[in-house]
Amino acid sequence: MKKRTQLILAVAIIAIIAVSIAAYYYLTVPPERTIKIGLVASLTGPGSAEGADMQRAAILAVEEINAAGGVYVSEYGRNLTVTLEIGDDKTKPADGVIAVEELIKSKNVDVLVGGLSSSVTLASQVPAIDNNVPFVITGASTPQVTRRTDKNTSYMFHYCTIIDDYSETIVKFLNHTVRPTLIDEGRMDPERNLRLAMLVRNDAYGIGCYDTTVRFINDLGLPIEIVEYQKFEPGATDFTTQLTLIQAAKPDAVYHAGLTAESSNLVKQGLQNVGLKTIYIAVEVCQTPQFYEILGSWGDYQILESKFGSKAASYSDAVDTYIANYMQRWKDAQGNPIIPGMMGADTYDAIYLICKAIENAGTLDKAKIRDEIENIEMDQMLIMMKNGMIWFDQNHEIDPISFIEQMTWNSTTSQLTTYIVYPDSLKQRDFELPPDYENEYS
Amino acid sequence: MLEVDGVSASYGNVQILWNVSLNVKEGEIVTILGPNGAGKTTLVKTILGLLHPNSGSIKFFDKRIDKLPTYKIVDIGIVLVPEGREIFPKMTVYENLLLGAYTNAAEKNKDQSLETIFQIFPVLKERRKQLAQTLSGGEQQMLAIARGLMSKPKLLIMDEPSLGLAPMLVQKIFNSMREINEKGVTILLVEQNVHRALEIADRGYLLEAGKMVLSGDWNELLANEHVKKAYLGL
Amino acid sequence: MPLEISLSTLVQIVIWGLINGCIYVLLASGLNLIFGVMKVVNFAHGEFMILGGYVSYWVSIYAGLNPYFSIFVSIGVIGIVGVLTERVCFRRVLGTSKLNEIVLSLGLIYVLQNAMSVLWTDKERQISSPFEFITVHFEIININMRLDLLIVIGVTVLIMAGFYILIKRTKIGRAIRATSQNRSAAMLMGINVEYMDMFSFGLGTALAATAGTLLAILFPALYPQAGAMPALKAFTIIVLGGLGSTIGAIVGGLAYGLAESSAIAILGGTWRDAIAFAILILVLVIRPTGLFGEKEA
Ligand SMILES: Nc1ncnc2c1ncn2[C@@H]1O[C@H](COP(=O)(O)OP(=O)(O)OP(=O)(O)O)[C@@H](O)[C@H]1O
Ligand SMILES: [Mg+2]
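Caption draft 1: Layout of the pattern of salt bridges. All names here are of chain A. Tallied over the entire structure, the rule returns 34 salt bridges over all chains. Across the salt bridge formed by Arg370 and Asp371, the nearest N and O atoms sit 3.0 Å from each other. Exposure remark for Arg370: the relative accessible area of 11% places this residue in the buried category. Of the residues examined, Asp371 reaches a relative accessible area of 32% and is grouped as partly exposed.

In structure tokens form, the structure reads like this:
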């Protein structure tokens, strides 16, 4: 009796061990190879609005690509699905480095996309550079991410408007549209320069906006002068003193360079706290739902430079489809659709172009993928390009079309909508001065 | 009314009091004598609960008080005028006195107490609006005593009240001590001035190196050889 | 930077300074009270401020209460949170070692920040005021001022007057001051000093909650990490104003607000926060006894 119990016990133990070993081998069979795209986004910190948009756009793009069967990679002789790994740079340089290192070292991503703030991305791109991981940067606006000379940037690509583009578009808009409007309405002596004030974030992006503005005014010889230049610290919430000084300089317009929260709040504070009733021009970084949400009715008549108009009346079929799909896919906690932003649009395009490059490469070898991104040539998607094609120049930069939108408050729907007012080729409406606009002549 | 029974107490690892016993009956004036560093201040702090004994017990009207927090001990009627001018420097003299009458019982009689105190220490009346830190050393000592008197205690413990005061004033304080004692306040007095102390006290204890070495009424103590040699210089 | 500033610009810069100063006065007074009584620097003070802002935010949204009334709800809630924090956390380490106290309050920062992230996310929020669109015109100096700015000043004056009377004129205020000036003598007066610790901590955090609410009405400054910088500034202010001094915190807070807006006007916006460190270092060099040293000024 006792012997038999022992026997049964021994058999049972052996069986358990055998099953465990079998299960171990079975389960540790390497999982099927997928294309791993690492998204670097600011999910927390002052860039979290843009970061959330980038994340939503990236997930949408990956879902669409996988739904269409994935990406054919000839080396594997079949279609591979795409998986997205997400790293949070917390809108801080040090955390950006950690996030990118983790994506490369523990998540083994094949290629990186994303990056928001210039200062953060200049830091977080370093591990990608050092490990030769192709990185399509869709957020940072400083040209330094592909032009820096202290590192070899051959694996870096910049799918984003650069600061130069913002300032060029804004300066041309001021000269081509705002100045004549002021003169026509008797608000300005035709002999004098347009008085521009600048209020910028104290980082590579904000100061870059100032530097390039000065450069374009001089290079193009435009009758514009910068009458006041003020800065604020990243993450600032109180801009009143700077705005008071700007008010004292009696500007015709204010060009402000901040992230969504900063820019929308400074406009609000300028109008509400300081009573500086002027035209506030934001740059495309602010093209996020939060921008419109925070501004509310204070955004009426205000200006935004952009290359993706999520709130604008229809101007491109691709954009209309994207906006519809995005709003279908993403809803907030109350079930209301979320409106896409510009950073997400860049990221969406970039994921498609990366997949196209991988298909062209026919392998997941990083050097080959890099070569194919460098040589990419495909039709424009959400971001309009000057020649209608997505391609990278010798600086690994694209050549997009940016435009100027003017916001309008619709009091019945309690929503801001926008119209393109510049350049003429895309114009949907004429630019109008705010009714309570004040400048030197008031 | 107060019974200290076999109390030992220490600061951290350093034991200061060794099996100290003492008792005070209602209406008495009892004095604790002893050289510097004997542990007199430590003993009264232990009674007030600023320090908790390691062993032994302290009873007040037959109730254990050795585990109570200080404010409860004050509440039931034991008040200490601490050694060395423990006043509130950035409050006025008047506010310091009001704090003396912090307990509900004392607060009721505060006007009357103030009157008595200003009689004993007219200088405090003059200075009542001044910040306590601007008083002279002697005046601060007076304030500390006056503040103790404000609190209408059942048992008033005074730790070297005569320190730093002019002889005239010391006399005055001792007189007033006798007065309040006659009004029914029991007094436990820590003193180095043996003559003076025994002059007003009914009984006394002698504490040396943390141990109670002697006790008795005043003529017994005065007659003791050890006391004569060590404290009276005879 | 224009050197010729017009009078109305100057007045406005002074007003911004005073308005920020109001927030700092409230924050610094609470920190100062806690430090005075407990001799503990509550490094998490800024987090209580932001938490107070969030409570008002919630109350004004979900109960539809005017944000200026929701201050009182926030004072109550954060006061209780403060009392519990003292009772449960600080009381246990008080007097054990300075290091324990510092570690505890630094730890609280992270606990509170993360709790707030979970409850309200990292998004910047602002409490919307029903008077958002109302401005008041001052003819003499030709200035338009948002009504809320005037209300913020008014609320601060009221709260600080109440606080001042409580501390200087009432029995409990006297007991608080006694505890802060001489803890063992206070015990001998029959004061329950542990109760004073608890009360002061609650009162200090309640003042912070008021600061947080007013700040969030004026600026979109409500996010979990937003308390760190103001707390550092409040700390600078109490060193500046003299540790433990009620008037010092008030004058110091206003002076600091003015210094900050002047720094922005003269040196530029990037100096806004740097000025806190500059002042702190300067004060510590000139008056090194200021920090944990003894009272005597
Ligand atoms: N806080 C403390 N920590 C450690 N040791 C202490 C402390 N206070 C007093 N002591 C020590 O305890 C002993 C007794 O001190 P205590 O003050 O009780 O003496 P005392 O009899 O009151 O002397 P004096 O007549 O000088 O006032 C001394 O040796 C003293 O050094
Ligand atoms: Mg002594």
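Caption draft 2: The interface of chain B and chain C, seen in detail. Contacts between chain B and chain C engage 23 residues on the former and 20 residues on the latter. Summed over both sides, the interface of chain B with chain C buries roughly 2,000 Å², with 62% coming from carbon and sulfur. Per-residue buried area on chain B facing chain C is highest for Tyr71, Phe88 and Tyr102 of chain B; these three make up 31% of the total on that side. There are two salt bridges connecting chain B and chain C. Here chain B and chain C share seven residue pairs in polar contact (both at pLDDT 80 or more) between them. The set of elements that each furnish at least two residues to the side of chain B that touches chain C consists of helix 2 (70-75), helix 3 (93-100) and helix 4 (104-108) of chain B. No other element matches helix 3 of chain B, which puts four residues into the side of chain B that touches chain C.

Caption draft 3: Seen up close, the nonpolar core. By size, the foremost hydrophobic cluster in this structure holds 182 residues, and its most contacted members are Leu2, Phe121 and Leu124 of chain B together with Ile191 of chain C. With 16 residues, helix 1 (residues 7-38) of chain C is the largest single contributor of residues to this core. For Phe121 of chain B, the contacting residues outside a window of four places in its chain are Met142, Ile145, Ala146, Leu149 and Ile173 of chain B. In this structure, Ile65, Val171, Met381 and Ile404 of chain A belong to the second largest nonpolar core, which totals 92 residues.

Caption draft 4: Quick peek at the site of ligand 1. Residues and elements named next belong to chain B. Residues in contact with ligand 1 amount to 13 residues; listed here are only the nearest, Asn36, Lys40, Thr41, Thr42 and Glu83. At a separation of 2.8 Å, an oxygen atom of ligand 1 approaches a polar backbone atom of Gly37. Here an oxygen atom of ligand 1 sits 3.1 Å away from a polar atom, N or O, in the main chain of Ala38. Summarising the interface, the protein chains cover 60% of the accessible area of ligand 1, which totals 630 Å² for the free molecule. Among the elements that take part in the shell around ligand 1, helix 1 (residues 40-47) stands out by supplying three residues, more than any other. Of the residues that constitute the shell around ligand 1, the class distribution is four nonpolar, six polar and three charged.

Caption draft 5: View of unusual backbone geometry. A cis amide bond links Tyr422 of chain A to the next residue, Pro423 of chain A, at an omega of -5°. Here Pro423 of chain A shows up in the segment after strand 16 (415-422). The phi dihedral of Arg85 of chain B falls on the positive side, at around 45°, and the residue is not glycine. When you line up the elements, Arg85 of chain B lands in the loop between strand 6 (78-81) and helix 3.

Caption draft 6: Layout of the interface of chain C and chain A. On the side of chain A, 28 residues touch chain C, which itself brings 30 residues to the contact. Both faces considered, chain C and chain A share a buried interface measuring about 2,500 Å² in area, 53% of it formed by carbon and sulfur atoms. For the chain C face of the interface with chain A, the top three residues by lost area are Trp16, Phe219 and Thr270 of chain C, together amounting to 21%. The interface formed by chain C and chain A holds two salt bridges in total. Here Asp238 of chain A and Arg272 of chain C are joined by a salt bridge, their closest N and O atoms 3.0 Å apart. For the pair chain C and chain A, the interface holds eight residue pairs in polar contact (both at pLDDT 80 or more). For the side of chain C that touches chain A, the residue count by class is 14 nonpolar, ten polar and six charged.

Cut-offs applied
Residues numbered from 1 in each chain as written. Chains lettered and ligands numbered in written order. Predicted model: local features only at pLDDT ≥ 70, side-chain atom pairs only at ≥ 80, totals over all residues. Heavy atoms only, no water. Salt bridge = Lys/Arg side-chain N within 4 Å of Asp/Glu carboxyl O. Buried < 20%, exposed > 50% of the residue type's maximum accessible area, 1.4 Å probe, protein only. Contact = heavy atoms within 4.5 Å. Buried area = accessible area lost by both parts, 1.4 Å probe. Polar contact = N/O pair within 3.5 Å; in protein donor to acceptor, adjacent residues only side chain to side chain. Helix = DSSP H or I, 4+ residues; strand = E, 2+ residues; numbered from the N terminus. Core = buried A, V, L, I, M, F, W, Y, C linked by side-chain atoms within 4.5 Å. Near = heavy atom within 4 Å. Areas by Shrake-Rupley, 256 points an atom, 1.4 Å probe, with all protein chains shown as cover. Nonpolar A, V, L, I, M, F, W, Y, C, P; charged D, E, K, R; others polar.

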